[in-house]
Every structure is written in structure tokens, then in C-alpha cells.
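Observations on the three-dimensional arrangement
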Amino acid sequence: MTTIADRLTNAHHRIAQAVQNSSRNQDEIKLLAVSKTKPVEQIMAAYDAGQRFFGENYVQEGESKILALKADCPDIEWHFIGPLQSNKTRIIAEHFDWLHTLSREKVAQRLNEQRPAHLAPLNVCIQVNISNEASKSGVSIDEIAPLAAAISQLPNLKLRGLMAIPTATEDEAIQRQELGEMHALFLQLKSQYPQLDTLSMGMSNDLELAIAAGSTLVRIGSAIFGERDYPN
Ligand SMILES: *Cc1c(COP(=O)(O)O)cnc(C)c1O
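Scope of this entry: the structure provided in the associated data block. (Residues numbered from 1 in each chain as written. Predicted model: local features only at pLDDT ≥ 70, side-chain atom pairs only at ≥ 80, totals over all residues. Heavy atoms only, no water.)

Moving on, we get to the pairing of strand E4 (residues 98-102). Burial analysis of E4 places 5 of its 5 residues in the buried class, the great majority of the element. Following the chain from strand E3 (residues 77-80) across helix H4 (residues 89-95) to the adjacent parallel E4, one finds a crossover that is right-handed. Taken together, the 3 bridges between E4 and strand E5 (residues 122-127) define a ladder with parallel strand orientation. Across the sheet, the residue bridging to Trp 98 is Asn 123, located in E5. Between the parallel pair E4 and E5, the chain is carried across by helix H5 (residues 105-114), and the sense of this crossover is right-handed. (Buried < 20%, exposed > 50% of the residue type's maximum accessible area, 1.4 Å probe, protein only. Helix = DSSP H or I, 4+ residues; strand = E, 2+ residues; numbered from the N terminus. Right-handed = clockwise from strand over helix to strand, strands pointing away. Pairing = 2+ DSSP bridges.)

Below, the structure written as C-alpha cells:
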């Protein structure tokens, strides 16, 4: 049987291969294990295999897992990667280390007010709607700069970079185009904010293309934990 530890090893191999093919450095790429819908036992299995960065998509589910694992896995870094409504910001501010899906100034302000003083600033990425689909979350390209300027005024948030979920397609030309555009937007923003270090893109099916395009953080779910079963 393939274990979570095996699948994690396999994901690391895929990343190493992609890094080599694009002449990049292994230490530029962070692997985020996306554990949404998966039980804490599976998170612990990945933790025991050495994984420390985990991503969750649902606010309450994420909070309950963080509380459940606090004692046994105290050094997990928790990333929130799902859509965030402004009435749920407090849970993110109080429990998570990162938010990848910031797209509104009002949400940024609430998080800044709600971040507890004893915690380090919340690391944030601006989510960009790179495919420009009306149904997708994220800011449009011309909204990046004003939102970044607003975030940089907030002491309890730390702007780390950009995040995107490109169009779900098998068409590599479209994938490469969107991933490449994200990298260009990231470099442009970084020229203004040199401390930026995170371009969050790439999932189980497109991590190779994302790394070739300049991603620094890949969000891998099903390739580590298997297919997800959603309650209906
Ligand atoms: C679920 C999810 C992932 C992981 O997707 P896989 O295809 O299972 O690797 C990555 N990013 C976001 C934002 C997700 O919601």
C-alpha cells in the first residue's frame, strides 16, 4: 500500500526534478501539504514524515484541526488558502500563520485589528484572478498595486507575495501563459517591495509547469493525501 510518507517522498521527487529541469534551487521552493477534508490522523502521518507546512480551505475545519494538533505538532505552520468572508477573519487572525487569499482592503484591515499582539504579523499573499473569470476570487491586475500599498501600512500584516489558481485546463499553452503572467506580476511588485519572497502557485496536476514558471510555493493536496471525499 502506498502510504502518505511514500506520496510525500514522491512529491519531493517531482519538485526536485522540476527544479533541476528549470535550473532553479531546491531551497527556493516550499511544499505546502493541503489537508482540507482530511482527518488529523493523516496530518500527523505527514508530520511524522517530516512535513511542517499545511494548508486548509475551510475556516472552522482549519481551526478545529489547529486546536487538535497544538499539543502533538506544535511547530506546524498553518496556511489558510480558501475563500475568506469578512465575518470569519477573527479565526484566521487568531490561529493561522499565513493567508494566501487576501483580495479586499476591508478584510486586510479587520485582520490587522484582530491579530493578537503576542503573535508575529500574519503573512499574506494577494490572490490574483489571473484567468479573469467572473466566478473566481482574487483581484484584477490593476487592483494589485493599491491593495499592496494598503497592506504595507498595516503593522500586523506582512505582505509576502502573490497567489493564483489558474484556469483548470489540460491545455499547457493556456497554463504556461497564465503562470508566466503571474511571475511577471510578482517581479513587478517585488521591484517595489523587495522583501517579497512568495509566489504561491502550482497544485498536484501542474506543479512542474508552475515551478518552471517561477513559483516559490506549491500547494499539493491529492498527490499527498489521495482524492478528497466531500460530504454532500
Ligand atoms: C485544494 C486546493 C489545492 C490542492 O489541490 P490538489 O489538486 O489536490 O493538489 C491547492 N490550492 C488550493 C487553493 C486548493 O483549494
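Still to come is the rest of the account.
Another point: helix H1 (residues 4-21). With 18 residues, H1 extends 26 Å from end C-alpha to end C-alpha; this agrees with the ideal 26 Å at 1.5 Å per step. Turning to H1, its buried residues number three or more, namely Ile 4, Leu 8, Ala 11, Ile 15, Ala 18 and Val 19. Viewed end-on, H1 has its buried residues packed into an arc of 105°, placing them on one side of the element. In H1, the exposed positions that point more than 90 degrees away from the buried face belong to His 13, Gln 20 and Asn 21. Taken together, the buried residues of H1 touch strand E1 (30-34), helix H2 (40-48), helix H8 (207-212), strand E8 (217-220) and helix H9 (222-225). Ser 23, located one to two residues past H1, shows a positive phi value of around 50°. (Expected span 1.5 Å × (residues − 1). Arc of directions from axis to C-beta. Contact = heavy atoms within 4.5 Å.)

Near the ligand you find 13 residues, and of these Lys 36, Asn 57, Ser 204, Ser 222 and Arg 228 are the closest. Ser 222 places a main-chain nitrogen or oxygen 2.8 Å from an oxygen atom of the ligand. Compared with its free state, where it exposes 390 Å², the ligand has 90% of that area covered by protein. (Near = heavy atom within 4 Å. Polar contact = N/O pair within 3.5 Å; in protein donor to acceptor, adjacent residues only side chain to side chain. Areas by Shrake-Rupley, 256 points an atom, 1.4 Å probe, with all protein chains shown as cover.)

Within the structure shown, the criterion is met by 9 salt bridges. In this structure, the salt-bridge partner of Arg 14 is Glu 208, at a minimum N-O distance of 2.8 Å. Of the two residues, Arg 14 sits in helix H1 while Glu 208 sits in helix H8, which places them 194 residues apart along the sequence. For Arg 14, a relative accessible area of 22% corresponds to the partly exposed category. Measuring nitrogen to oxygen at the nearest pair gives 2.9 Å for the salt bridge that ties Arg 176 to Glu 172. With Arg 176 and Glu 172 both in helix H7 (residues 172-192) and 4 residues apart, this pair spans about one turn of that helix. Overall, the relative accessible area of 41% leaves Glu 172 in the partly exposed class. Here the salt bridges do not stand alone but share partners, grouping Glu 56, Glu 61 and Lys 65 into one network. (Salt bridge = Lys/Arg side-chain N within 4 Å of Asp/Glu carboxyl O.)

Purely spatial values, then, with no claim about function.
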